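# Coordinate analysis (summary)
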Amino acid sequence: MISTLGLALRTQKNVSTLQERLAKVQEQVSSTKISDTYSGLGGQVRDSVDMRVQFKKLDTYLSNIGRLQVDVNQMEQPLLEIADATNSVRDDLLAQANGTAPDMNAMKSAMSAAIDRMTGALNVNLNGRYSFSGTNVAQQPMGDSSGLQAQVKSIVAGYTDAADASAKYDQAVQYVMDNWNDFYKGDTGTSQLSGLVEDGSTFSFGVRGDDDAFKKTFAAMFVMNNVDYDAGNKDGYEAIRSKAVDGLQSGFQGTNAITGEWGRAAKRLDTLQTRYKDQQTLLNTRIGDVEDVDMAAKSVELTNLQSQLQTSYQLISMLKSMNLANYL
Amino acid sequence: MSLTSALLTASAALRNTQSNIDLTSRNIANASTEGYTRKVAQNVTQVVDGRAAAPLLSVPTRSVDEGVLRQMRTESSASGAATIKNDFLSRLEDLYGTPDAETALAHRVGSLQDAMTSLTSAPDSSESQAAVLDAATDVANTLNGTSSQILSLRREADQDIRDTVDGINTQLKQFQNIDAQISTRSALGQSTADLEDQRDTIMNNLSKVMDISYFRKDNGAIVLSTGTGRTLVDSTVFPLSYAGASIGADSSYPGTIPGITIGGVDITKDLRSGSLKGLVDLRDTILPQAQAQLDELAGTMISSFDAAGLSLFTDPQNATFAMPGDTVGVARRIGVSSTVQSEPWRLRDGSAATAQNANTADTTKLTAVIGAVFNTAQTFRTSGMGGGGTVTSGIEGSGTLAHYAESILTYQSSQTATVAQEKSFRETTFSTLQERNLNDSGVNVDTELTNLVQLQNAYSASAKVVSTLNQLFDDLLNMV
């Protein structure tokens, strides 16, 4: 029995205060967290929430980047395919020696195959989405070119001389340009495929089947696929062949330019991805600084509190025996 | 001087010693009883015919430092208010979850923004659209749940006010009863010490729930008043009255919630401390403020999405929701638009679209909505909020939705921490004063045991005197 109620209450309070502190430190050590409530974080609440929200936002951006990278990679291969097909038929045309009759069947067969390759490449589909239809991803971009080709055939037929052939070529190309939507069925508006990858910044990308580079290439191929060789008007054929080579060259360069741009876009995504991952690592560290306990400091505190509590218990034991009733 | 006189003196000494032993034994028995003060009876020497006769024992009295007691009661009141606030605010904080659980409103709003951002990379994906709807539902549910809990806490505070008022009135009656007994006994010259202990205990209990002031009258009775001087007991009881109210989100004091009155006079605003004051603060200020913050966020979410062309959230009670008129209680009602739920493509194309955009990957509208709602600073009211239009938000009036949601959390957690600190400080101060009071007026068993030894010796000595006198009387009688 302790002599006075005041002393008993104070001793009791001291012990319970120590026990509370010990329990709190033990909890901190076992959870490694400073507190399981926001108020326990003191003035660091906003930092904690802010950084966690920021971390998740970066996760979202990284996820978007991942999706966009798939889309970008998905479109890269068809572009290479188109460039290769264009290059191949351009080389075929260049290989035709002046003055000798070309093997028109072989040439047209190659042109037809190239048209099919390009059409197939532009109609590439990933998970039900067409990559070259602009934002109308449900729509297959390239349709049937036979109508256009029939018109081209009628335009370039019966050229009389080089000047006439050249004019007919231009007329045919212009017709293709003007009536491109007979062949291309995708989106023609101003919207682009895009995704948010930064605060307030959209990553826009995408090449549509109505890009000038493809139009020029297809037009040249359509002409060569439908022109006839006139042995009596070699200059006329030569003028058309020459213009077609230029058209294919221009289309090839345009496709290459797109591919180059594509590489830069992919690079930008890679750069952002690296930056965000670095930021997440930094955020993780800072969240730990705000929310996690200093284990070394807590271990020392734990030891101190244990010693204090033990001493308090000893004190109670001594006070209990220091009672006059025990000596009377 | 005669042997008889000596015998009477010794006999009186024995009686006094017995009374003192009784007093000491009561002191020891109540040594651990809270509210019990040490009682002391003094031997008063009687002088008869110029000579000291058998001493008279005074009525037992107690030694109490009134100054310390008053200070202790003041701290008890402050501690009572802080304790009840801390209790409610801790429960309110529980609604916000733990830091690593990321279930707080700020995280929910962030998750909604993330889901919409994610949708920009796959705007035609039904899974991504569903994810946005899920995130929006989480935001609405969190607002609904937190708001409902705040209203429950307000109702609980109001019920506690009723119970506390009833408890105060019961204590006032007990006080009056004891006070009357003290007056009577004091007039008769009888000891009032134990009754005073009981009266002090009642006053101590009362001081925990409300701030009191008092003064002692000549007859030992006490006039008890509120801290601002409104009489509670002066021979008769002036009870507190509180009718209670059906608390809704728009309830406010003054207004739809009646006041706490004494004799028809509203004393609600006169309360300065004590758990009753804490409860009134919680019901009328702290919880309505938390409610108003949520309402402001919910209302701004509805209107900012509306303004951006995507009516993602709705108030089922107000088809044409408009701020500030429809704001009170909207956090409890807000829901995700059924139109958008049945036509999730509207997340991409907006609410004004008459049909789904053929360009299913067009993010123009979606990106604009994200920019307007999440990346643009919104304006939030800072005053004139709540049912009575008297609530202030305590949060800055401009910022993004996410920033405002973070501010709510920061504000509330800071308030909880401050109240917890105040509670701790008040409790420590109260404990110190209580200890001082107990040291001044409490029982020290060692002291009582020492007194007991003295009393035992005194009793033995007096008994020896009686024994000796008895022997003398025998001798005298034998001589005759």
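So, about the overall build of chain B. When its secondary structure is counted, chain B shows 12 helices and 15 strands. Against the globule reference of 23 Å for 480 residues, chain B gives a C-alpha radius of gyration of 36 Å, more extended than a compact globule. Principal-axis analysis of the C-alpha atoms places the extent of chain B at approximately 140 × 45 × 30 Å. Across the 480 residues in chain B, those meeting the buried criterion constitute 50%. Put simply, chain B shows about 20,500 Å² of open surface, and 51% of that area lies on carbon and sulfur atoms. Charge-centre separation for chain B: the mean point of 35 positive side chains lies 8 Å from the mean point of 52 negative side chains.

With 56 residues of chain B in contact, the opposing surface of chain A contributes 48 residues. Carbon and sulfur atoms supply 54% of the area that chain B and chain A bury against each other, a total of about 4,300 Å² over both sides. For the chain B face of the interface with chain A, the top three residues by lost area are Pro99, Ser121 and Glu406 of chain B, together amounting to 14%. Where chain B touches chain A, the interface holds 4 salt bridges. Glu435 of chain B is the partner of Arg10 of chain A in a salt bridge, and the nearest nitrogen-oxygen pair spans 2.4 Å. One can count 22 residue pairs in polar contact (both at pLDDT 80 or more) joining chain B with chain A. Going through the elements one at a time, helix H3 (105-120), helix H10 (364-374), helix H11 (401-441) and helix H12 (445-479) of chain B are the ones with two or more residues in the side of chain B that touches chain A. The element contributing the most residues to the side of chain B that touches chain A is H11 of chain B, with 13 residues. Partitioning the side of chain B that touches chain A into residue classes produces 17 nonpolar, 29 polar and 10 charged.

Below, the discussion takes up helix H5 (residues 162-178) of chain A. Residue and element names in this part refer to chain A. Helix length check: H5, at 17 residues, gives a terminal C-alpha distance of 24 Å against a target of 24 Å (1.5 Å per residue), a fit within 8%. Tucked inside the fold, the buried residues of H5 contact helix H4 (146-156), helix H6 (212-226) and helix H7 (234-291). Residue Asp161 occupies the N-cap position of H5, its side-chain oxygen lying 3.3 Å from the main-chain nitrogen of Ala163.

This next bit is on the packing of helix H1 (residues 3-29) of chain B against H12 of chain B. The packing of two helices is summarised by the inter-axis angle and the distance between the axes. Residue and element names in this part refer to chain B. Running from amino to carboxyl end, H1 crosses H12 at an angle of 155°, the nearest separation of the two axes being 9 Å. Here H1 is positioned roughly antiparallel relative to H12, judged by the angle of their axes. In this structure, H1 meets H12 at a crossing whose hand is left-handed. Across the contact of H1 with H12, the residue classes tally to 19 nonpolar, 7 polar and 1 charged.

For the rest of this paragraph, the subject is empty space enclosed by the protein. Residues and elements named next belong to chain A. In this structure the tally under the stated criterion is 4 cavities of 30 Å³ or more. Taken as a whole, the largest cavity spans an internal volume of roughly 50 Å³. Those elements giving two or more residues to the lining of the largest cavity turn out to be helix H2 (45-95) and strand S3 (193-198). In terms of residue class, the lining of the largest cavity is made up of 6 nonpolar, 3 polar and 2 charged.

Let's shift gears to the packing of aromatic side chains. Under the criterion given, the structure shown has 13 aromatic pairs over all chains. Taking 3.9 Å as the distance between ring centres and 15° as the angle between the ring planes, the aromatic pair formed by Phe380 of chain B and Tyr404 of chain B counts as stacked. Here Phe380 of chain B, found in the loop between strand S14 (378-379) and strand S15 (398-399), pairs with Tyr404 of chain B, found in helix H11; they are 24 residues apart in sequence, far enough to count as distant. Each of the two residues, Phe380 of chain B as well as Tyr404 of chain B, counts as buried. A connected cluster of aromatic rings, assembled from ring pairs, spans Trp180, Phe183, Phe218 and Phe222 of chain A. Above the ring of Tyr36 of chain B, the side-chain terminus of Lys39 of chain B is found at 3.8 Å from the ring centroid. Over the ring of Phe88 of chain B we find Arg91 of chain B, and its NZ or CZ is 5.3 Å from the ring centre.

The next thing to look at is the packing of H3 of chain B against helix H4 (residues 126-187) of chain B. All names here are of chain B. It is at 9 Å that the axes of H3 and H4 come closest, and there the two elements cross at 165°. Regarding the angle of H3 to H4, the classification is roughly antiparallel. The way H3 lies across H4 gives a crossing that is left-handed. Across the interface between the two elements, Leu105, Arg108, Val109, Ser111, Leu112, Ala115, Met116 and Leu119 of H3 pack against Ser128, Gln129, Ala131, Val132, Ala135, Ala136, Asp138, Val139, Thr142 and Leu143 of H4.

Among the surface-exposed residues, Glu27 and Asp36 of chain A together with Asp94 and Asp100 of chain B lie close enough to one another that they form a single negatively charged patch. With respect to the helices and strands, the residue Glu27 of chain A is situated in helix H1 (residues 5-31). Under the relative-accessibility criterion, Glu27 of chain A is labelled partly exposed at 44%.

The next thing to look at is the side chain of Thr259 of chain A. All names here are of chain A. Mapped onto the elements, Thr259 comes out in helix H7. For Thr259, the side chain forms a polar contact with the main-chain oxygen of Thr255, separated by 2.8 Å. Every residue in contact with Thr259, bar those within four places of it in the chain, is listed here: Leu79 and Leu80.

Turning to the sheet that holds strand S6 (residues 222-226) of chain B, a few remarks are in order. All names here are of chain B. Taken together, 4 strands build an open sheet; the order of strands is S5-S6-S7-S8 and the sheet is antiparallel. Edge positions in the sheet fall to strand S5 (212-216) and strand S8 (236-237), since each of these pairs with one other strand and no more. When S5 meets S6, the two strands line up antiparallel, connected through 5 bridges. Across the sheet, Arg216 pairs through a bridge with Ile222, a residue of S6. Contacts from helix H5 (residues 193-209) reach S5 and S6 within the one sheet, and its direction differs from that of S5 by about 155°.

Before going further, it helps to examine the layout of surface pockets. Its boundaries defined by the atoms lining it, the largest pocket holds a volume of some 1,500 Å³. In terms of lining residues, the largest pocket is bounded by 47 residues, among which Glu20 of chain A together with Ala420, Lys423, Ser424 and Glu427 of chain B are the most central. Elements with a minimum of two residues in the lining of the largest pocket: H1 of chain A together with helix H2 (66-94) and H11 of chain B. A total of 13 residues in the lining of the largest pocket trace back to one element, the largest contributor, which is H11 of chain B. Its residues assigned to classes, the lining of the largest pocket shows 7 nonpolar, 23 polar and 17 charged. Together, 21 residues line the second largest pocket, and Glu34, Gly35, Met72, Asn204 and Gln434 of chain B are the ones closest to its centre.

What follows concerns the pattern of salt bridges. All names here are of chain B. By the definition in use, this model includes 47 salt bridges over all chains. Here Arg426 makes a salt bridge to Glu422, at a shortest N to O gap of 3.6 Å. Of the two residues, Arg426 and Glu422 both sit in helix H11, 4 residues apart, roughly one turn of that helix. Given the relative accessible area of 21%, Arg426 is considered partly exposed. Through salt bridges with shared partners, one network takes in Asp22, Arg26, Lys39, Arg62, Glu66, Arg73, Asp194, Glu196, Asp197, Asp200 and Arg216.

This next bit is on the pairing of strand S2 (residues 43-48) of chain B. Residues and elements named next belong to chain B. When S2 meets strand S3 (residues 51-57), the two strands line up antiparallel, connected through 5 bridges. Bridging across to S3, Gln46 finds its partner in Ala53. Where S2 folds back onto S3 in an antiparallel hairpin, the turn is made up of 2 residues, including Asp49, whose phi is positive at roughly 55°.

Cis rather than trans, the peptide bond between Tyr253 of chain B and Pro254 of chain B has omega equal to -5°. Mapped onto the elements, Pro254 of chain B comes out in the loop between strand S9 (240-241) and strand S10 (261-262). In this chain, Met323 of chain B is followed by Pro324 of chain B through a cis amide linkage whose omega measures 0°. Tracing the sequence through the fold places Pro324 of chain B in the loop between strand S12 (313-314) and helix H7 (330-333). Positive phi outside glycine occurs at Thr32 of chain A, with the angle close to 65°. Following the sequence through the fold, Thr32 of chain A ends up in the loop between H1 and H2.

Criteria and cut-off values
- Numbering of residues starts from 1 in every chain and runs along the sequence as written.
- All chains are assigned letters beginning with A, and all ligands numbers beginning with 1, in the order in which they are written.
- It should be noted that, the model being predicted, local features are given only for residues of pLDDT at least 70 and side-chain atom pairs only at 80 or more, the latter also being counted only at that level, while totals for whole chains, interfaces and linings use all residues.
- To get the side-chain values, all heavy atoms of the structure are used, and hydrogens and water are removed first.
- Think of it this way: any DSSP run of H or I at least four residues long counts as a helix, any run of E at least two long counts as a strand, and we number them from the N terminus.
- Radius of gyration here uses only the C-alpha atoms, and the compact-globule reference equals 2.2 Å multiplied by the residue count raised to the power 0.38.
- Burial here depends on accessible area, computed with a 1.4 Å probe over protein chains only, as a share of the maximum for the residue type. Under 20% is buried, over 50% is exposed, and the range in between is partly exposed.
- Note on areas: Shrake-Rupley, 1.4 Å probe, and residue coverage restricted to the protein chains presented here.
- Lys and Arg are tallied as positive, Asp and Glu as negative. Neither His nor the chain termini are counted.
- Taken as the charge location is NZ of Lys, CZ of Arg, CG of Asp or CD of Glu.
- By the convention used here, residues are in contact when the closest approach between their heavy atoms is within 4.5 Å.
- Take the accessible area each of two parts loses on contact, using a 1.4 Å probe, and add the two losses: that sum is the buried area.
- The salt bridge definition used is simple: a Lys or Arg side-chain nitrogen within 4 Å of an Asp or Glu carboxyl oxygen.
- For this analysis, a polar contact is any N or O atom pair within 3.5 Å, provided that within protein one partner can donate a hydrogen and the other can accept it, and provided that sequence-adjacent residues contribute only side-chain to side-chain pairs.
- Each residue gets one of three labels, nonpolar for Ala, Val, Leu, Ile, Met, Phe, Trp, Tyr, Cys and Pro, charged for Asp, Glu, Lys and Arg, and polar for the others, Gly among them.
- Multiplying one less than the number of residues by 1.5 Å gives the expected span of a helix.
- The angle between two axes is taken between their N-to-C directions and runs from 0 to 180 degrees, where each axis is a line fitted to C-alpha atoms and a helix contributes only its stretch in contact.
- Small angles under 35 degrees read as roughly parallel and large ones over 145 as roughly antiparallel, with 65 to 115 read as roughly perpendicular and the rest as oblique.
- Handedness of each helix crossing follows the sense of rotation of the near helix against the far helix: counterclockwise by less than a right angle gives left-handed, clockwise gives right-handed.
- Grid points spaced at 1 Å over the protein atoms alone were grouped into cavities, where a 1.4 Å probe fits but cannot get out, and pockets, open sets with protein on both sides within 12 Å along at least five of seven lines, with lining residues defined by an atom within 4 Å of a point.
- Grid points are joined across faces, edges and corners, and a volume is the space filled by probe spheres set on the points.
- Only Phe, Tyr and Trp rings take part, Trp by its six-membered ring, and two of them pair if their centres are within 6.5 Å. Stacked means planes under 30 degrees apart, edge-to-face means over 60, and tilted covers everything else.
- Comment: the charge-over-ring label is applied if NZ (Lys) or CZ (Arg) is within 6 Å of the ring centre and within 35 degrees of the ring normal.
- Surface patches are defined over residues having more than 30% relative accessible area and no salt bridge, joining like charges when they lie within 9 Å and nonpolar side chains (Val, Leu, Ile, Met, Phe, Trp, Tyr) when within 5 Å.
- In short, DSSP must find at least two bridges between two strands for them to pair.

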